[in-house]
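Notes for the structure review
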Amino acid sequence: MAWSLVLSPTLHPKFSVSTKKVVINSQRATRLVSRAEKNSVDKSSKDDDDKGFTPFGFVTDNPSSRSAIQLPESPAEDGNVGQMLYRIEDKGKEYGSYIKSGKLRWFVRETGSPQSRRGTVVFLHGAPTQSFSYRVVMSQMSDAGFHCFAPDWIGFGFSDKPQPGYGFDYTEKEFHEELDKLLDVLGVKSPFYLVVQGFLVGSYGLTWALKNPSKISKLAILNTPLTVSSPIPGLFQKLRIPLYGEFTSQNAVMAERFIEAGSPYVLKNEKADVYRLPYLASSGPGFALLEAARKINFRDISSQIADGFASGRWDKPILIAWGIADKHLPQSVAEEFQKGNPDLVKLKLVEGAGHMPQEDWPEKVVDALRVFF
């Protein structure tokens, strides 16, 4: 009896279903799905027709960055740190080897030979990157007759990353001392050509030059803070904030995001892998960068650079090869620096390149260096 009451349509008319409505709604849904599929096919066909179009214009003229603007379908790939490390652990060591200098081990890239007819060039990178950025420039410069070295600074890339307080404290003085030792081990004869780029350790490369002018034949500067008006990127400001800096330093994609933030390009996955690798492999690079960022006085270092290379204080030729699309440092920084020593400082603007012209458009950097050296 109970079952008949529950199931009886006459006692519960509000649960009755219209078969006609179901059929109509089903037909309507079928038409909507068909229409969506047709639109999808039309859009796909249109995308194929527009495949060659790029709104970025000059990018397609850049042989090194022809396919650089892209968004990975799945940024983390497999999404597993272990799998990512396995996939990329052997990448990015072109032309490089490990060199023991004192108690520390440096990773140094080398192209050409000591017998190269046009002399030796030492390339110094900035933070938070590594010497990998110079790989194309080094290769082409050695083809042009130069002997090239590009070390990863201590704490960066594939070089040692000692814990602060245990033999290395990431101060300007210690970076200078260890660079002196490394140049002796490498047998770099003075005077040589020096190329410097970037923040923090890049700036230390310039203050090293100020203390060792007799060792420098000519100096080339790529986008680097050169005046007290040089802005300090948000990354370095965050690193100086207690606790927040510790979290920031352990961001595995920090370096690639910094590069992209200062460039008109998005890094290809294979390049991003290399910049990411040290920060994925251990916490050491992040804490090294954290310590260095908290030890440096950016304004004081920029003031030293602006004053030290001014007229009457520096007498060697200087080339500034400046990526004009730099979103970290405006072109006005380079122009202001040039005014301090107009007779010796030559400014070469690199169109289509950002904060790291050696990565964005190495061919143009090589052309400028070959003419200057």
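Residues numbered from 1 in each chain as written. Predicted model: local features only at pLDDT ≥ 70, side-chain atom pairs only at ≥ 80, totals over all residues. Heavy atoms only, no water.

Let's talk about the packing of aromatic side chains
- Tallying each qualifying case throughout the model produces 21 aromatic pairs.
- A centroid spacing of 5.6 Å and a plane angle of 40° characterise the contact between Phe175 and Tyr204, whose relative ring orientation is tilted. Of this pair, Phe175 sits in helix 5 (residues 172-186) while Tyr204 sits in helix 6 (residues 201-211), and the two are 29 residues apart along the sequence.
- Taking the relative accessible area as the measure of exposure, Tyr204 reaches 2% and is therefore buried. (Phe/Tyr/Trp six-rings, centres within 6.5 Å; stacked < 30°, edge-to-face > 60°. Helix = DSSP H or I, 4+ residues; strand = E, 2+ residues; numbered from the N terminus. Buried < 20%, exposed > 50% of the residue type's maximum accessible area, 1.4 Å probe, protein only.)

Side note on the sheet that holds strand 6 (residues 216-222)
- Spatially, the 8 strands line up as an open sheet ordered 1-2-4-3-5-6-7-8, and their pairing is mixed. Of all the strands in the sheet, the pair left with one neighbour each is strand 1 (96-101) and strand 8 (345-350). Across the sheet, the axes of successive neighbouring strands diverge by a mean angle of 25°, strand direction being ignored.
- Of the pairings in the sheet, the one linking strand 6 to strand 7 (residues 318-323) comprises 4 bridges and is parallel in character. Its bridge partner being in strand 7, Ala220 is matched across the sheet by Leu319. (Pairing = 2+ DSSP bridges. Axes fitted to C-alpha atoms, helices over the stretch in contact; angles between N-to-C directions.)

Some remarks on the confidence of the model for the chain
- The share of residues in the chain with pLDDT of 70 or more is 76%, and the mean pLDDT across the chain is 84.
- Scored below 50 in pLDDT, residues 1-26 shows 4 contacts in the model against residues more than four places distant or in partner chains.
- Overall, residues 40-79 carries pLDDT values under 50, and its contacts beyond four positions in sequence, including any with other chains, amount to 41 contacts. (pLDDT = per-residue confidence, 0-100. Contact = heavy atoms within 4.5 Å.)

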